Amino acid sequence: MQPPAPEPAEPARRGSLTLAPAYSDAVGAPRTASARKNGAMSQPNAAQDQTDHADTAPAPAAAQPQPSVGSLAAHRPHPVAGGEYDLAAAKLAGIVADIDADPDDYEEDYANQEGAELPQGRFLDRERSWLAFNERVLELAEDPNTPLLERANFLAIFASNLDEFFMVRVAGLKRRIATGVATRSASGLQPREVLELIWNRSRELMARHAACYQDEIAPSLADEGVHVVRWNELTEKEQARLYTLFMQQIFPVLTPLAVDPAHPFPYISGLSLNLAVVVSNPVSGHRHFARVKVPPLLARFLEASPQRYVPIEDVIAAPRHLGELFPGMKVEEHHMFRLTRNEDLEVEEDDAENLLQALEKELMRRRFGPPVRLEVEETIDPEILSLLVKELKISEAEVYPLPGPLDLTGLFSIAGIDRPELKYPKFVAGTHRDLAEVESASAPDVFAALRSHDVLLHHPYDSFSTSVQAFLEQAAADPDVLAIKQTLYRTSGDSPIVDALIEAAEAGKQVLVLVEIKARFDEQANIKWARKLEESGCHVVYGLVGLKTHCKLSLVVRQEGDQLVRYSHVGTGNYHPKTARLYEDLGLLTADQEVGADLSDLFNRLSGYSRRETYRRLLVAPKSLRTGLITRIEKEVQHHRAGRPAHVRVKVNSMVDEAVVDALYRASQAGVPVDIWVRGICAVRPGVAGLSENIRVRSILGRFLEHSRVFAFGNGGEPEVWIGSADMMHRNLDRRIEALVRVEDPAHRAALSRLLETGMSDTTASWHLGPDGNWTRHALDADGLPLRNVQEMLIDARRRRRGTATP
């Protein structure tokens, strides 16, 4: 729909739409290296409206943390009524999609290389598995037993997860197809087959998602007095009030961009909401196209009157309001659309003299990534849709017509309104009993506690602020502490962890901070923290070239008499006080000197030139973690054949690595029971005769994001249990620094074993994976009564301990 501009002597026909020349390299727009690499995606002309073109899509909420029950999401802040919503806080449901890392490469069929003795087709497709994970999130939104505002929250999480999936996984797959480097996946599917599977399945899920909102959530909210309405449902008084708001606070920041021979088609930023407007000149009758961007920093839903909300795009698109934007013109029609772009980063570290500067430059390029999805209102005019498809250079297969309103991530704001009776009952974590026998207002003496025993923390059931945060704050203030070494992958905007490290450095302590500035969608925030830490006197390093540092480690060196004592924390989750209230994670606080020595060696490797690859109580990727786990799986086979106790129990976010999966298949073939508790992606086919009949796979999603990683082995009657940061994926085992620590305390091992047994029990509510790759929800027993909810059980156990349990 982009004909050449008409010659001056021939005015456009009445009723025709006046369009600009195709916006491409032909107009001389400079192209970034990223654009050159990804095809004919060109940057906007520098002379165009900078306010509109210079924005970047907000980083996915790390929901702020979104909070994703699966990928409890993303780390992209979404504007909401009353302020900016912290996605980490949004990931309250614990189900954000774990796409927070480099996409795994599509390897040649693994079965043809390493597992020839095992059958072909034994791996489930990872993209299909991720979509099934997000379907489980959607099922929580569809469940009438879920509190109503939590259902709205799960709808927002589903949408946010899918945004990130398209920005990273789909974009990466398209890029590999375009450059000719994509190969058949381990599941046996060709790249194009995977892409078509994604298009078809995501289309089904998005339609179901929209129907859940339209048919269930919106009417149920209205029944509870919370109304999300469209413009024509407002009263005259409400419309008048919103007109005043529009003129005072919205109109001044809007920038309508015309499309005609003098104005090229504007650049459409990723995840922005946009109005496609058709206006006509009442004198000449000529029709023109214009685009109006919905400002991303304004509230997504506006409160027309108490607990009556209207989408901001409806306010902008009201006839009187559009008339203010196009005075003297006749507004004939308008349609909403939303574009998703590739927002993955590519930094050639080997060629970057300064990684920080290289990453900052790449962040600027991110905003110009090629399109991967176009969402439009299903009522859009075909001519307008054809124009968008042509100008955005997107295929029809990537167009998703949906009922309005688009972008239901905005429901995070609705879910956040103050209606506690429509949410999960409030839970406030208490201090771990091994840190303070009696709850008190004062912080526990962490060092004194660790001198007598290790402490196994389980967040969010155990308070992060009175454990890990207190550990670092006390270290910063303690004059006997000489040094602190810390990894930071993600942290909060007002991080008490960073404040403690700065305080320690300013007090003269040696402070080493390894900041992973390549943590997806937190890059900009981590660059900011890195500079702030450097300015305070901390030694800041960025890890090893080619590897992300994902391990969760703290080391404190303290002078005690005539000796130095090392105190350590090894965790499964980030040092992020906000997500610690939403993510389920484990952590070990210990004064064990072997662990301290291991952490010293590992930090020396990260900050210097050490080549150490073996440790005392750690397994560290990329050298020893995969092989260490496979060795232990193989030992279980030996124990089983010798008649000794043998089992493998694993709790992870993702189980994809083919070598590990094949080791589990072989253990199953030998008769070893294998239990896998996975939140998100799983490539294992359980229950296949002769291959995996001894493997069970379960998934649990709920109010908290199941995020911990646990590996337990029967070990012939002497149980061995490990916790740490690594998922079973190529990226974790080959392209990251990850660490697992062996848990030594028998009581801690027993507690972790009980946790794994509870999660896998048939009396616990969960989803069961079948050999065909389909997940089946098991929430009710044979009598129709709810099965046990493991998260509620753990909450109630903490309440009983403090005497506040539910009767």
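Residues numbered from 1 in each chain as written. Predicted model: local features only at pLDDT ≥ 70, side-chain atom pairs only at ≥ 80, totals over all residues. Heavy atoms only, no water.

Across its full length, the chain holds 22 helices and 32 strands. In the chain, which comprises 807 residues, the proportion classed as buried is 62%. As displayed, the chain has an accessible area near 30200 Å², and 50% of this comes from carbon and sulfur atoms. (Helix = DSSP H or I, 4+ residues; strand = E, 2+ residues; numbered from the N terminus. Buried < 20%, exposed > 50% of the residue type's maximum accessible area, 1.4 Å probe, protein only. Areas by Shrake-Rupley, 256 points an atom, 1.4 Å probe, with all protein chains shown as cover.)

A complete count under the given rule lists 48 salt bridges for this structure. Residue E560 is joined to R558 by a salt bridge in which the shortest nitrogen-to-oxygen separation is 2.9 Å. With relative accessibility at 19%, the residue E560 sits in the buried group. Look at the salt bridges and you will find they share partners, linking D163, R300, E313, R338, R373, E375 and D407 into a network. (Salt bridge = Lys/Arg side-chain N within 4 Å of Asp/Glu carboxyl O.)

A separate point is the packing of aromatic side chains. One pass over the structure, following the stated rule, counts eleven aromatic pairs. Aromatic side chains F166 and Y400 sit 5.9 Å apart centroid to centroid with 85 degrees between the ring planes, which places their arrangement in the edge-to-face category. Pair noted here: F166 is in helix 5 (residues 148-179) and Y400 is in strand 14 (residues 399-402), with a separation of 234 residues, a long-range link. A ring pair is formed by Y461 and F704, whose centres lie 5.7 Å apart and whose planes are at 80 degrees; its orientation type is edge-to-face. Taken together, the residues span a long stretch of sequence, with Y461 in the loop between strand 15 (455-459) and helix 14 (468-477) and F704 in the loop between strand 26 (695-699) and strand 27 (705-706) at a distance of 243 residues. By relative accessible area, Y461 is classed as buried at 0%. (Phe/Tyr/Trp six-rings, centres within 6.5 Å; stacked < 30°, edge-to-face > 60°.)

The next subject is the sheet that holds strand 10 (residues 301-305). Ordered by their spatial adjacency, three strands build an open sheet running 6-11-10, and the pairing between neighbours is mixed. Each end of this open sheet is capped by a strand with a single partner; those strands are strand 6 (227-228) and strand 10. In the packing of helix 7 (residues 236-250) onto the sheet, contacts are made with strand 10 and strand 11 (308-311), and the angle to strand 10 comes to roughly 135 degrees. (Pairing = 2+ DSSP bridges. Contact = heavy atoms within 4.5 Å. Axes fitted to C-alpha atoms, helices over the stretch in contact; angles between N-to-C directions.)

This brings us to the packing of helix 5 against helix 6 (residues 191-223). Contact geometry for helix 5 and helix 6: axes closest at 11 Å, N-to-C directions at 165 degrees. Classed by the angle they form, the pair helix 5 and helix 6 counts as roughly antiparallel. Relative to helix 6, the crossing made by helix 5 is left-handed. Residue composition of the contact of helix 5 with helix 6, grouped by class: 22 nonpolar, three polar and four charged. (Parallel < 35°, antiparallel > 145°, perpendicular 65-115°, else oblique. Left-handed = near helix turned anticlockwise from the far one by under 90°. Nonpolar A, V, L, I, M, F, W, Y, C, P; charged D, E, K, R; others polar.)

The subject of this paragraph is the environment of A448. As for its position among the elements, A448 is in helix 13 (residues 446-452). A relative accessible area of 33% means that A448 is categorised as partly exposed.

Next up on the list: helix 21 (residues 746-760). Relative to the 21 Å expected for 15 residues at 1.5 Å per residue, helix 21 spans 21 Å between its end C-alpha atoms, a close match to the ideal helical length. Here helix 21 has its buried residues at H748, R749, L752, S753, L755, L756, T758, G759 and M760. The opening residue of helix 21 is D745, an N-cap whose side-chain oxygen sits 2.8 Å from the backbone nitrogen of A747. (Expected span 1.5 Å × (residues − 1). Polar contact = N/O pair within 3.5 Å; in protein donor to acceptor, adjacent residues only side chain to side chain.)

For the peptide bond that leads from G404 to P405, omega is 0 degrees, which places it in the cis range. As for its position among the elements, P405 is in the loop between strand 14 and helix 12 (411-415). Of note, the amide linkage connecting A621 to P622 takes the cis form, showing an omega dihedral of 10 degrees. Within the element layout of this structure, P622 appears in the loop between strand 23 (618-621) and helix 18 (625-641). A positive phi angle is found at L271, which is not glycine, with a value near 65 degrees. Topologically, L271 is positioned in the loop between strand 7 (257-259) and strand 8 (273-280). L271 gets classed as buried once you look at its relative accessible area, which sits at 10%. Unlike most non-glycine residues, D407 shows phi in positive territory, near 55 degrees.

With that settled, the discussion passes to the pairing of strand 26. In terms of burial, strand 26 is largely enclosed, as four of its five residues are buried. Pairing of strand 25 (residues 674-678) with strand 26 involves four bridges; the strand directions are parallel. Bridged to D675 within strand 26 is R696. Pairing of strand 26 with strand 31 (residues 766-769) involves two bridges; the strand directions are antiparallel. Among the inter-strand pairings, S699 is bridged to a residue of strand 31, identified as W767.

Here the focus is a negative patch on the surface. Together, E473, D499, E503 and E506 line one region of the surface with negative charge. Counting residues per element, the negative patch draws most heavily on helix 15 (residues 496-506), which supplies three residues. Along the polypeptide, D499 turns up in helix 15. (Patch = residues over 30% accessible without salt bridge, like charges linked within 9 Å, V, L, I, M, F, W, Y side chains within 5 Å. Lys, Arg positive; Asp, Glu negative; His and termini not counted. Charge placed at Lys NZ, Arg CZ, Asp CG, Glu CD.)

Mapped onto the secondary structure, E139 falls in helix 4 (residues 126-142). At 4.2 Å, R208 is the nearest oppositely charged side chain to E139, a buried residue that forms no salt bridge.

Counted residue by residue, strand 29 (residues 720-724) has five buried out of five residues, so it is predominantly covered. Every second residue of strand 29 is oriented toward a common face, with E720, W722 and G724 on one face and V721 and I723 on the other, all of them buried. Relative to strand 29, strand 28 (residues 709-713) runs antiparallel, the two being bridged by five bridges. Considered in strand 29, the bridge of F711 is made with W722. Between the end of strand 28 and the start of strand 29, which pair antiparallel, lie six residues, with N715 showing a positive phi angle near 55 degrees.

Time to look at the packing of helix 14 against helix 15. Relative orientation of the contacting elements helix 14 and helix 15 amounts to 15 degrees, with a least axis distance of 8 Å. When the axes of helix 14 and helix 15 are compared, the pair comes out roughly parallel. The element helix 14 and its partner helix 15 pack so that their crossing is left-handed. Facing helix 14, whose interface residues are Q469, L472, E473, A476 and A477, helix 15 presents P496, I497, A500, E503 and A504. Classifying every residue of the contact of helix 14 with helix 15 gives seven nonpolar, one polar and two charged.

Residue placement: S463 occurs in the loop between strand 15 and helix 14. A polar side-chain atom of S463 sits 3.1 Å from a polar atom in the side chain of T466. Setting aside anything within four residues of it in sequence, one finds S463 in contact with A429, G430 and T431.

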